[in-house]
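Structural characterization, general
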Amino acid sequence: MQKIYEKAPAKINLLLDVLRKRDDGFHEVEMIMTMVDLADRLEMEELPRDQIVLTSEAGFIPLDEKNLAFQAARLIKDRYDVRRGVYIHLDKNIPVAAGLAGGSSDAAAALRGLNRLWELQLTLGELEILGAELGSDVPFCIRGGTALARGRGEKLVSLDPPPQCWVILAKPPINLSTADIYGKLRAHDLPYHPSAPDMLDAIRRQSFTDMCAALGNVLETVTLDRYPEVRQIKECMVKLGADGVLMSGSGPTVFGLVSKEAKVARIYNGLRGF
Ligand SMILES: C[C@@](CO)(OP(=O)(O)O)[C@H](O)COP(=O)(O)OP(=O)(O)OC[C@H]1O[C@@H](n2ccc(N)nc2=O)[C@H](O)[C@@H]1O
Ligand SMILES: Nc1ncnc2c1ncn2[C@@H]1O[C@H](COP(=O)(O)OP(=O)(O)O)[C@@H](O)[C@H]1O
């Protein structure tokens, strides 16, 4: 029987600005996002009966309707009236609730994969519109690569890849909710706004140094205050010599950008001790 494989990479936010709180409860954002090499993997196969079955060795995620990959399968199946079943196996590597969009990327991979398995011939644009029903980050995860995201995250403009570099991810064992972090943000009274034009310019010119200088995330104003461990990890990465350091999304993962491979092991080992 035909098997479909899809990679579901994690994302980091090189820039995350909030312009205002909207009447629908979401926030109008301006983000520059890029995929990293860390990825989940999905294997999809036709089931002889009309049912969605999701399995994973990861014991820490739901495998029922609460799982975003399951929700994606249900959504595309119902919307296009598919009367076929699917078996999805999820190989989970991305830390959960980390600000790395692991769940969103799994949902995106399920939509891309089932579009192929069930020969629905939907365009990426159609999949992005469908994906927006599952979460604000899902459209970007469908498109992949590097993009400028506006609206609540679903209005995308693809960008050239940023300069190649090493990305070190550090996720402290903290459980936080994205809704809670946005909810505590003083959107009308932010102490600063990162400059998207500066980041876009750095990417266009392939300047690693200017990209590091342009990193910024206004959600740090909430998460770093509430969770001092996240601030400590940031400080630790800077001290260990990372060229650029920022929290991804709503956190708690902090990423460090490094241009020289020689530095990577030193920073990684230093963080492990920490
Ligand atoms: C902060 C970001 C940055 O990339 O990522 P994560 O930290 O989740 O990875 C995203 O904006 C998160 O996207 P996602 O996790 O898909 O959010 P959703 O499921 O759509 O929304 C969860 C909740 O976050 C809030 N939310 C989300 C997006 C947005 N533009 N404004 C919001 O206020 C809303 O309260 C919403 O109920
Ligand atoms: N396939 C999935 N992988 C990870 N988490 C999932 C998945 N499906 C649903 N979830 C739930 O979604 C929430 C957010 O997960 P995740 O996408 O990893 O976080 P974030 O949006 O911070 O990057 C968690 O509470 C988790 O239980």
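Please read these numbers as outputs of a predicted model, since none were measured by experiment.

This brings us to the pairing of strand β6 (residues 155-159). Sheet topology note: the strand β5 (residues 146-150)/β6 ladder contains five bridges and is antiparallel. The residue bridging Ala-147 from the neighbouring strand is Ser-158, located in β6. Here β5 hands over to β6 after four residues, with Gly-151 in that stretch at a positive phi of 70°.

A word on the nonpolar core. Grouped together as the largest cluster of nonpolar side chains are 70 residues, with contacts concentrated most on Ala-69, Ala-72, Ala-73, Ile-88, Ala-107, Ala-110 and Leu-111. Residues lining this core come from more than one domain, with at least three contributed by each of domain 1 (3-159) and domain 2 (166-273). Contacts of Ala-110, omitting those with residues within four sequence positions, involve Leu-42, Ala-69, Ala-72, Ala-73 and Ile-88.

A few words on helix α9 (residues 228-239). Spanning twelve residues, α9 covers 16 Å between terminal C-alpha atoms, matching the ideal 16 Å at 1.5 Å per step. One or two positions beyond α9, positive phi appears at Gly-241, with a value near 105°.

Quick look at unusual backbone geometry now. For the bond running from Gly-251 to Pro-252, omega is 5°, close enough to zero to count as cis. On the secondary structure map, Pro-252 appears in the loop between β9 (244-247) and β10 (254-258). In the Ramachandran plot, Asp-81 falls in the positive-phi region, its phi being about 50° despite a non-glycine side chain. Within the element layout of this structure, Asp-81 appears in the loop between α1 (68-79) and β4 (85-91).

It is worth spelling out the site of ligand 1 at this point. Surrounding ligand 1, one finds 20 residues, the nearest of these being Gly-135, Ser-136, Arg-152, Gly-249 and Ser-250. Among the residues making up the shell around ligand 1, the classes are represented as seven nonpolar, eleven polar and two charged.

Quick look at the packing of helix α2 (residues 102-117) against helix α3 (residues 124-132) now. The contact between α2 and α3 brings their axes to 10 Å, and the two run at 135°. One finds that α2 runs oblique with respect to α3. In the crossing of α2 with α3, the sense of the turn from one axis to the other is right-handed. Of the residues in α3, those in contact with Ala-107, Ala-108, Leu-111, Arg-112 and Asn-115 of α2 are Leu-127, Leu-130 and Gly-131. Looking at side-chain class alone, the contact of α2 with α3 contains five nonpolar, two polar and one charged residues.

Okay, the pairing of β9 next. The alternating pattern of β9 places Gly-244 and Leu-246 and Val-245 and Met-247 on opposite faces, both of which are buried. Taken together, the four bridges between β9 and β10 define a ladder with antiparallel strand orientation. The partner of Val-245 across the bridge, within β10, is Gly-256. Hairpin connection, β9 to β10: the antiparallel pair is bridged by six residues, and Gly-249 has positive phi, about 55°.

This paragraph deals with the domain arrangement of the chain. Reports of interface size often rely on the accessible area that becomes lost once the parts have come together. Per the domain assignment, the segments of the chain are domain 1 (3-159) and domain 2 (166-273). For domain 1 versus domain 2, the separation of C-alpha centres amounts to 23 Å. If you look at the interface, domain 1 gives 22 residues, while domain 2 gives 29 residues. Of all the secondary-structure elements, those providing two or more residues to the side of domain 1 that touches domain 2 are β1 (3-21) and β2 (27-47). A per-element tally of the side of domain 1 that touches domain 2 places β1 first, with nine residues.

With that settled, the discussion passes to α1. Between its first and last C-alpha, α1 extends 16 Å over twelve residues, near the 16 Å set by a 1.5 Å rise per residue. Looking only at α1, the buried set comprises Leu-68, Ala-69, Phe-70, Gln-71, Ala-72, Ala-73 and Ile-76. One or two residues past the end of α1 sits Asp-81, with phi positive at roughly 50°.

Conventions and cut-offs
Throughout, a residue's number is its position along its own chain's written sequence, starting from 1. Chains carry letters and ligands carry numbers; both start at the beginning, A for chains and 1 for ligands, and go up in the order they are written. Local features in this predicted model are restricted to residues of pLDDT 70 or higher, and side-chain atom pairs are both shown and tallied only at a pLDDT of 80 or more, whereas totals for entire chains, interfaces and linings draw on every residue. In this description, strands pair whenever DSSP reports at least two bridges between them. Runs of E in the DSSP output that reach at least two residues are strands. Runs of H or I that reach at least four are helices, and both are numbered from the N terminus. Throughout this description, the term nonpolar core refers to a group of buried Ala, Val, Leu, Ile, Met, Phe, Trp, Tyr and Cys residues whose C-beta atoms join them within 7 Å. We call a residue exposed when 12 or fewer other C-beta atoms sit within 10 Å of its C-beta, buried when the count reaches 20 or more, and partly exposed for counts in between; the C-beta positions come from the backbone. Boundaries between domains were set according to an automatic or database domain assignment. By the convention adopted here, residues are in contact when the distance between their C-beta atoms, placed from the backbone, does not exceed 7 Å. Every helix has an expected span of 1.5 Å times one less than the residues it contains. Placing a C-beta atom from the backbone of each residue, we mark the residue near a molecule or strand if the atom is within 6 Å of it. Under this grouping Gly is polar, as are all residues other than the nonpolar Ala, Val, Leu, Ile, Met, Phe, Trp, Tyr, Cys and Pro and the charged Asp, Glu, Lys and Arg. Fitting a line to C-alpha atoms yields each axis, with helices limited to the stretch in contact; the angle taken between N-to-C directions then spans 0 to 180 degrees. Any angle between 65 and 115 degrees counts as roughly perpendicular, while under 35 counts as roughly parallel, over 145 as roughly antiparallel, and the rest as oblique. Throughout, a crossing is termed right-handed when the near helix is turned clockwise from the far one, and left-handed when it is turned anticlockwise from it by less than a right angle.

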